[in-house]
Each structure stands twice: as C-alpha cells, then as structure tokens.
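# Observations on chain architecture
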Amino acid sequence: MLDGLLRRIEDQRDALVDLTRELVAFPTVNPPGDAYKACARHLGNRLSHAGFEVAYVRAEGAIGDSDRYPRINLIARYEGRAPGPCVHFNGHIDVVEAGHGWTVDPFAGVVRDGRLYGRGSCDMKGGLAAAVIALESILAAGIRFDGALEISGTVDEESGGYAGVAHLAEQGWFSKPRVDHVIIPEPLAVDRICIGHRGVWWAEIETLGRVAHGSMPFLGECAIRHMGAFLNRIERHLLPRLATRQTAMPVVPPPARHSTLSVNGIHGGQAEDHGGLPSPVVADSCRMMIDRRFLIEEDLEEVKAELIAILDQLQRDRPGFKYRIRDVMQVLPTLTARDAPVVQAVAAAIRTVMSKRPELVCSPGTYDQKHIFRIGHLEDCIAYGPGILELAHQPDEYVAIDDLVTSAKVMAASALHLLGVEFH
Ligand SMILES: [Zn+2]
C-alpha cells in the first residue's frame, strides 16, 4: 500500500510544482502582511475541494491586524472513519521582503534546472505545498484511518507568529485532545528532523546625550560616541566570551552551537531622510537593536544580566555615559525528546522513503514550535521539510523539485505511521 501511495505522489510532481508556484505568486510579504487573505483563501478552496473542513481565523486586534492587512489564518481538518490521533501540518504563508540581488522575478515561481525559484519557495511555501500534496494523496488513495489529518496556513511567523500560531494556540487549536502530533515543514533539508531551537532575546539599547552645536561638541554629550564605547566593549569582552560557550543541542550550522549576538540595527542623531542638508547638532540619542541567541544551557536572566553589567560598568568608568534598555522579544529554547512519537515516525519514514539514516538537528533561529510547546502545551512537535536552510531570506531563494517530491512522500508516510495505519 505504501508503494502505491509513494508512486501516486511521484505522479503528482507537476501538481506539486504548480501549487508551490501558485503560493509563491501571492506576495505575502511581512511586514506589512500583504495578500494574506487571498493566499489563505486559495489554499482553503483547494483543501475544501479535497474534502477538508475549512476554517478561517482572523487574529482580530492582534499586533499588525487591520482591515487593510487582516491577519487571516487557515485551518483545514479531515476526519477519519472513527476518533483517533490527529496529525497536524503547519506552514506559515508569510515571507520576508524580496530585497535586492535577485536575478529572477521573486514572485514568478521560475522553474529552471530542477529548481523552483522565488521568495518563499524554500521558506516555506514549498514545504506547505508538499504537505498539501501528501495529505491529498492519502485521501485520493482511499486509505482508511482512524483519527484526523489537519493542515494550517498561518501568518506572521517571520515577525514572531503572534497573530498566527500563537493566536491559534491561545484558542486551543494546538492542544490536546484536538491535536496530538505537529509537523512544521520549515526548510531544514529532506533528510533532517529539527527537534528544537535556541532561545532569543531582542533588546533595544539607547545611549543618551545632550544636544549642542556641532561646531562646539565639547558643550554637548554625544550619544553616538557613548554607543561606540559600548560596541567596543561588546567586541572586546562579550563576543569572545560567547564564542567559548557551546550547547549540547545539535544546532545547525555548527557555528550556531555557540551563543551569538548580532547588532541588527543602529541609529543615532538626525534622521537621514530630512530632505535637505543636515544641521550641526550633537546627537542626544543613539539606539541599537541587539539580537542575542542563547543556549538551552544558559539562563535568560543571566543572559540579560551579563549585558547589563557591561552597561553599568561603562556608567561607572565613562563620564557622562547614560543608557536605557527595553526588552523587545524573548523566546525560551525548546527541545523535543529524541524518542517522541513524531520524531520516531518521521525518522522511520525517512528510512523507508530515502533508505537513509535521518540526522536530528536544531535550528539556529526560532520558529512557531515555541508557541505550540509553550502555549499549546503540545510537546510532540518537530520541523521537517524541503529546502536548504541557508537559502532562506536570501536573493534567488529556491527549492529543488526532487526535494519537494521526496519530502511529500516522507510527510505522507509519517502521517500514516502516526495514525497507526499498517502498511506492510
Ligand atoms: Zn520559515
């Protein structure tokens, strides 16, 4: 029976490419969260046609939601012949901006040399399309099962998932008894299973100064120079220390097994787009956004204290140094047990479909697993999907068509394992 199903999926190769291209064509760029409704409807119409019961949930009042940019999530469910476990596939429909450096139209879904190019092809509309084809093929093959199959297309993952999976999880869509196992087709590669991710702390640090005429800077206090002093201490003292810390989690790529800190943005003084020439004013404010990724072995409060200690030390050593710090986002690390049912099922499916031993990995960044774990209290969750992680958010992002098809087969076999369907 499994062979027949896998052949059926192989025959769906063109349909899988078409669906991925259709999804890529919706410019669901976040921010601002464009074309969410159209994309969700497109998926919903298709799944309803395949026999799924479809619900649309708008995260009304959530951050980013407006009538112009409604945060619309889609959940589709297919009930088997009797009650039983529910296997859920969750994909985010939002993508990051295209950015510069593309050699093809980022929303045209160009197919070339066995690859499908486009923003979101890899992260993660290709994976979502593969899940749709996997489940449609199970139903089309007439395989009978107890339990339910679900698939969701959710919004805002790229900006934290608050109006997407977090909102649904708060309403019980990602908890037992409704759902038992979750697979998130993020692009972690077709032979790898992602069991968790590092933690995140975003904070905005502002150094404060005093305005004065730029020709007499000694009469003012330059916030940008104070920030420079802080950056210097980060370079000299903090980054080397972070590089010595290593997690036991199998994070990929391997340099991400260390604690890291990225300065994601900095701005000081007058706005750049003032129109004319700038005026000579000493900067009284400089703001910097830091992106600290921490390990499961680290404690978030200690992570914060370590950075604040550097700021406090500067306040003691450096005349005129004043600062403010504001938490922007924090996410604790998550790790699914290696012997969890979903890990075992996907591992068995990879062995069956690819005759390969799967590699268990963790993601350097965070993804929607955090909400399923912390809000939904559902621990049986992993990420598995086609695509090369390093291509996510890059120009000329693509997904290999062979990988799309292979991952659809693995997802279908995994779902059957988890539903307890015998296929020998
Ligand atoms: Zn993603």
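Please read all numbers here as calculations on a predicted model, not as lab measurements.

Reading the values: rules and limits
Residues numbered from 1 in each chain as written. Predicted model: local features only at pLDDT ≥ 70, side-chain atom pairs only at ≥ 80, totals over all residues. Heavy atoms only, no water. Axes fitted to C-alpha atoms, helices over the stretch in contact; angles between N-to-C directions. Helix = DSSP H or I, 4+ residues; strand = E, 2+ residues; numbered from the N terminus. Parallel < 35°, antiparallel > 145°, perpendicular 65-115°, else oblique. Left-handed = near helix turned anticlockwise from the far one by under 90°. Contact = heavy atoms within 4.5 Å. 1 Å grid on protein atoms, 1.4 Å probe; cavity = no way out; pocket = protein on both sides within 12 Å on 5 of 7 lines; lining within 4 Å. Points joined across faces, edges and corners; volume = space filled by probe spheres on them. Nonpolar A, V, L, I, M, F, W, Y, C, P; charged D, E, K, R; others polar. Core = buried A, V, L, I, M, F, W, Y, C linked by side-chain atoms within 4.5 Å. Buried < 20%, exposed > 50% of the residue type's maximum accessible area, 1.4 Å probe, protein only. Donors = N, O, S within 2.8 Å, 3.2 Å for Na, K, Ca; no water. Tetrahedral: all angles 85-135°; square planar, octahedral: opposite > 155°, others 65-115°.

## Some points on the packing of helix α6 (residues 223-244) against helix α7 (residues 300-317)
- At a minimum axis separation of 11 Å, α6 and α7 run at an interaxial angle of 140°. Overall, the two elements α6 and α7 adopt an arrangement that is oblique. The element α6 and its partner α7 pack so that their crossing is right-handed. Residues Ala 229, Phe 230, Arg 233, Leu 238, Arg 241 and Leu 242 of α6 form the contact with α7, whose participating residues are Glu 306, Leu 307, Ile 310, Leu 311, Gln 313, Leu 314 and Asp 317.

## What to know about the layout of surface pockets
- Here the largest pocket is characterised by a volume of approximately 740 Å³.
- In terms of lining residues, the largest pocket is bounded by 28 residues, among which Arg 293, Pro 364, Gly 365, Thr 366 and His 393 are the most central.
- Mapped onto the lining of the largest pocket, the elements with two or more residues apiece are β9 (199-208), β10 (260-268) and β11 (285-294).
- Residue composition of the lining of the largest pocket, by class: eleven nonpolar, nine polar and eight charged.
- One number sums up the size of the second largest pocket: a volume of about 240 Å³.
- Asn 30, Pro 31, Pro 32, Ile 63, Gly 64, Arg 71, Asp 156, Glu 158, Ser 159, Tyr 162, Ala 163 and Trp 202 are the residues that line the second largest pocket.
- Residue composition of the lining of the second largest pocket, by class: six nonpolar, three polar and three charged.

## Observations regarding the nonpolar core
- With 73 residues, the main nonpolar core has Phe 89, Ile 138, Leu 149, Ile 151, Val 346, Ile 382 and Tyr 384 as its most contacted residues.
- Not counting residues up to four positions away in its chain, the partners in contact with Ile 151 are Leu 47, Phe 52, Leu 74, Ile 75, Ala 76, His 88, Phe 89, Leu 128, Ala 131, Val 132 and Leu 135.

## Topic: the coordination of the zinc ion
- Coordination of the zinc ion by the protein is provided by His 92 (NE2), Asp 123 (OD), Glu 186 (OE) and Glu 186 (OE), with metal-donor distances spanning 1.8 to 2.7 Å.
- Each of the four donor atoms around the zinc ion contributes to a set of angles spanning 52 to 146°, which defines the coordination as irregular.
- Summarised as a motif, the one-chain spacing of the donors to the zinc ion is H-x30-D-x62-E. On the criterion of sequence distance, the pair formed by His 92 in strand β3 (residues 86-92) and Asp 123 in helix α4 (residues 121-140) is long-range, its members being 31 residues apart.

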